[in-house]
Amino acid sequence: MGTGELIILLFAIILFSTLFITYYNGLIDQADTVYNTNYYLQGMQIIEKFYQEIMVDIITESKEFSQIYSDYSNISDSLSVADKFYHYNITTTYCDSLGNNLGSSSKFQRLDFRVYTVKGNQDTVFIGNQNNPISKIIANTSIN
Amino acid sequence: MTAILETIWATVIGGMIIVSILNGLFTIQITAMNLEMQITLNDISEDVTSVLNNGILSRVGSGVPPDSTIISSAKINEFEFKGKLTNDNTVSVIKVVQEDSTANGYPLKVYKDNSLVMGPFWLVDSLTVQYYDKDGNELSTPVTTYIDSIRYAKFDMEFFQKGIDRNNFENNLRSRIVFWRYFLNTYL
């Protein structure tokens, strides 16, 4: 085998290897998305927990509608779940029945939730963010 | 002689390249299979959690007269209550329980009036349920004396499925989920 043939062979091996690397890399990217699902699910459960907590305040009438607005106006804290810290932020906004901002007191409030956690590899997983929070709307159903 | 040596070298090098290619393909195949199983496991985890949380546990105390006992058993791996499930006309006794470990793992089951209605779903470890009163104080399990004080519970479970591992032949793909359920009927 001559030198030229050897170089061509080496090039062939290198090019073929890049196919493998590209394919495997794509697979790892997909794996990242799949394994992040666990964090998304957990984040949604945390949001559900706070929503249920607020529902309890409403049905027991332990807090007035306006107090829910002020108490949850801008809460940021952390919660340890399954040996991992989830950081959350909750904000409240008076809105119409469709969730559009009104800027003044109304019969509806939009609760915006944002949760994030830092994974083992130091990547951050966001469940809702500043521009696209997880939103829930509550209505003031009290008679007075 | 030279020709024989060159042939041997070519065979060795060619063989190494083929082994590397097969090894790479094997790794890719294992990763892809585990990924597919993890997707299925995540789906199962999400579905089971959703049905348990929103379909079963949200019905705690539903249709039960105010002076009746709603929760009859509150252990770390068992929660039994009275409630009327969606589309049911009568109040039933519902039990969410993790039974004894088997070779497949810990079976999570849901019974309605002693009849199995959900499960078994296999958990890698025992189910952990923690109970809280209205002020958020954790009640030590099994809750007996203060069972009427339970207002919400935290469920911690980890589903699993056998995946493939090159070194140990098999490994456990896991999906751990923790959720809370406030028993709204107990507040009324």
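The coordinates are above.
Quick summary incoming for the structure in this document. Counting of residues starts from 1 at the beginning of each chain's written sequence and follows it residue by residue. Written order determines the labels here, with chains lettered from A and ligands numbered from 1. A pLDDT threshold of at least 70 governs which residues receive local features in this predicted model, and a stricter bar of 80 or more applies before side-chain atom pairs are shown or counted, although totals over entire chains, interfaces and linings include all residues.

Working definition: helices are DSSP H or I runs of at least four residues, strands are E runs of at least two. Numbering for both runs from the N terminus. A count of helical and extended segments in chain B gives 1 helix and 9 strands. Moving toward the C terminus, one meets the helices and strands of chain B in the order α-β-β-β-β-β-β-β-β-β. In this setup the radius of gyration rests on C-alpha atoms only. A globule is expected at 2.2 Å times the number of residues raised to 0.38. For 188 residues, the compact-globule formula gives about 16 Å, and the C-alpha radius of gyration of chain B, at 25 Å, lies well above that figure. Burial is judged by counting the other C-beta atoms within 10 Å of a residue's own C-beta: 20 or more makes it buried, 12 or fewer makes it exposed, and any count in between marks it as partly exposed, with every C-beta position built from the backbone. Going through the 188 residues of chain B one by one, you find that 27% of them count as buried. Any two residues are considered in contact once their C-beta atoms, placed from the backbone, lie within 7 Å. Contacts in chain B between residues far apart in sequence, at least 24 positions, make up 46% of those at least 6 positions apart.

Before going further, it helps to spend a moment on the overall build of chain A. Each helix and strand in chain A was counted, giving 2 helices and 5 strands. When the helices and strands of chain A are placed in sequence order, the string is α-α-β-β-β-β-β. The C-alpha atoms of chain A give a radius of gyration of 25 Å, which is well past the 15 Å a tight globule of 144 residues would have. Along the longest, intermediate and shortest principal axes, the C-alpha atoms of chain A span 95 × 35 × 20 Å. Here chain A holds 144 residues, and 17% of them are scored as buried. Considering only contacts within chain A whose residues lie at least 6 apart along the sequence, 46% involve residues at least 24 apart.

Looking now at the nonpolar core. Think of a nonpolar core as buried Ala, Val, Leu, Ile, Met, Phe, Trp, Tyr and Cys residues, each tied to the set through C-beta atoms within 7 Å. By size, the foremost hydrophobic cluster in this structure holds 49 residues, and its most contacted members are V115(A), L123(B), A153(B) and M157(B). Setting aside its immediate chain neighbours within four residues, A153(B) contacts F79(B), V129(B), Q130(B), Y131(B), Y132(B) and R181(B).

Before going further, it helps to examine helix α1 (residues 2-56) of chain B. Under the convention used throughout, the expected extent of a helix is 1.5 Å for every residue step, that is, one less than its residue count. An ideal rise of 1.5 Å per residue puts 81 Å on 55 residues; α1(B) measures up with 79 Å between its terminal C-alpha atoms. Every buried residue of α1(B) is listed here: Q38(B), L41(B), N42(B), S45(B), T49(B), L52(B) and I56(B).

As a packed pair, helix α1 (residues 3-59) of chain A and α1(B) sit with axes 10 Å apart at the nearest point and diverge in direction by 15°. When the interaxial angle is binned, α1(A) and α1(B) end up roughly parallel. Along this stretch, α1(A) crosses α1(B), giving a crossing that reads as left-handed. Residues I13(A), F20(A), Y23(A), Y24(A), L27(A), Q30(A), A31(A), V34(A), Y35(A), T37(A), N38(A) and L41(A) of α1(A) touch α1(B), and the partners they reach there are I17(B), G24(B), I28(B), T31(B), A32(B), L35(B), Q38(B), I39(B), N42(B), S45(B) and E46(B). Split into classes, the residues belonging to the contact of α1(A) with α1(B) amount to 14 nonpolar, 8 polar and 1 charged. Each axis is a line fitted through C-alpha atoms, and for a helix only the stretch in contact is used; angles between axes span 0 to 180 degrees, taken between their N-to-C directions. Under this scheme an angle from 65 to 115 degrees is roughly perpendicular, one under 35 degrees roughly parallel, and one over 145 degrees roughly antiparallel; angles in between are oblique. By convention the crossing between two helices is left-handed if the near helix lies anticlockwise of the far one by an angle smaller than a right angle, and right-handed if it lies clockwise. All residues other than Ala, Val, Leu, Ile, Met, Phe, Trp, Tyr, Cys, Pro, Asp, Glu, Lys and Arg, Gly among them, are scored as polar; the first ten of these are nonpolar and the last four charged.

Our focus in this paragraph is α1(A). Residues and elements named next belong to chain A. For α1, with 57 residues, the first-to-last C-alpha span of 84 Å sits near the 84 Å given by 1.5 Å per residue. Most pronounced at T37, the bend in α1 amounts to some 25°. Those residues of α1 not exposed but buried are N38, Y39, L41, Q42, G43, M44, Q45, I46, I47 and I54. What the bend at a residue measures is the angle between two axes, fitted to the seven residues ending there and to the seven starting there.

All names here are of chain B. Following the sequence through the fold, N23 ends up in helix α1. Assessed through the 12 C-beta atoms surrounding it within 10 Å, N23 is described here as exposed. Here the alpha-carbon distance between N23 and K75, two residues 52 residues apart in the chain, equals 49 Å.

Residue and element names in this part refer to chain A. Tracing the backbone shows R114 in strand β3 (residues 108-118). Among the residues examined, R114 registers 21 C-beta atoms within 10 Å and is labelled buried. Along the primary structure R114 and G43 are separated by 71 residues, whereas in three dimensions their C-alpha atoms are 8.8 Å apart. Not counting residues up to four positions away in its chain, the partners in contact with R114 are Y88, N89, G128, N129, Q130 and P133.

In summary, the side chains of a regular strand alternate between the two faces of the sheet. All names here are of chain A. Both strand β1 (residues 74-81) and strand β2 (residues 84-95) contribute to a ladder of 8 bridges, which runs antiparallel. Note that in β2 the partner of S78 across the bridge is H87. In textbook terms, the turn of a hairpin is the stretch between consecutive antiparallel strands, and for β1 and β2 this stretch comprises 2 residues, one of which, A82, has a positive phi near 50°. Pairs of strands are assigned from DSSP output, requiring at least two bridges between the strands. Both β2 and β3 contribute to a ladder of 10 bridges, which runs antiparallel. Within β3, the position partnered with T91 by the bridge is D112.

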